[in-house]
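A structural walkthrough
In case you want the letters, here they are:
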Amino acid sequence: MKSKKIAASDSDPLALRIDKLIWYLGFAGNRTMAKKLANSGHMRLNGRRVERAHMMVRQGDILTIPQGREVHVIRISALPLRRGNLPDAQTCYQRLRTGL
């Protein structure tokens, strides 16, 4: 009988996949769009290029998220437990910079 491996998100309760996080925070309309954004290579996590949606984000990390003509730079202050309304999601991060 084969044993199943525990997923990274299950083994570390203090971290969240980057695609789930940007979906929970409202930067993507659905999980599929969030995964495509993470896989595109245009996002940065603590200054390093994100190329995979399974990268883990922790409290205190800095994300650079391009959206259209804007670039959002945010610091994660708390990891959300689920996708909620936008005002609740905005309490989970601090905006460091928004601009071109």
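Below, the structure is looked at part by part. (Residues numbered from 1 in each chain as written. Predicted model: local features only at pLDDT ≥ 70, side-chain atom pairs only at ≥ 80, totals over all residues. Heavy atoms only, no water.)

**Looking at the pairing of strand 5 (residues 62-67)**
Note that strand 2 (residues 44-45) and strand 5 share two bridges and pair antiparallel. Within the sheet, the bridge partner assigned to L45 lies in strand 5 and is L63. In terms of strand pairing, strand 5 meets strand 6 (residues 70-76) through six bridges, oriented antiparallel. From the neighbouring strand, T64 faces strand 6, where its bridge partner is V73. Turn length for the strand 5-strand 6 hairpin, with the two strands adjacent in sequence and antiparallel, is two residues, and the turn residue G68 shows positive phi of about 60°. (Pairing = 2+ DSSP bridges. Helix = DSSP H or I, 4+ residues; strand = E, 2+ residues; numbered from the N terminus.)

**Re the nonpolar core**
Core analysis: the biggest nonpolar cluster contains 23 residues, and L25, M43, L63, I65, I74 and I76 have the highest contact counts within it. For this core, the secondary structure elements donating two or more residues are helix 2 (18-24), helix 3 (31-39), strand 5 and strand 6. Looking at which element gives the most residues to this core, the answer is helix 2, with four residues. Those residues in contact with I76 that lie beyond four places of it in its chain are L21, L25, V57, R58, Q59, G60, D61, L63, C92 and Y93. (Core = buried A, V, L, I, M, F, W, Y, C linked by side-chain atoms within 4.5 Å. Buried < 20%, exposed > 50% of the residue type's maximum accessible area, 1.4 Å probe, protein only. Contact = heavy atoms within 4.5 Å.)

**Some thoughts on the packing of aromatic side chains**
Under the counting rule described, the total for this entry stands at two aromatic pairs. Residues F27 and Y93 carry aromatic rings whose centres are separated by 5.5 Å and whose planes lie at 50° to one another, so their mutual orientation is tilted. Taken together, the residues span a long stretch of sequence, with F27 in the loop between helix 2 and helix 3 and Y93 in strand 7 (residues 93-99) at a distance of 66 residues. When its relative accessible area of 8% is taken as the criterion, F27 is described as buried. You can call Y93 buried: its relative accessible area is 9%. (Phe/Tyr/Trp six-rings, centres within 6.5 Å; stacked < 30°, edge-to-face > 60°.)

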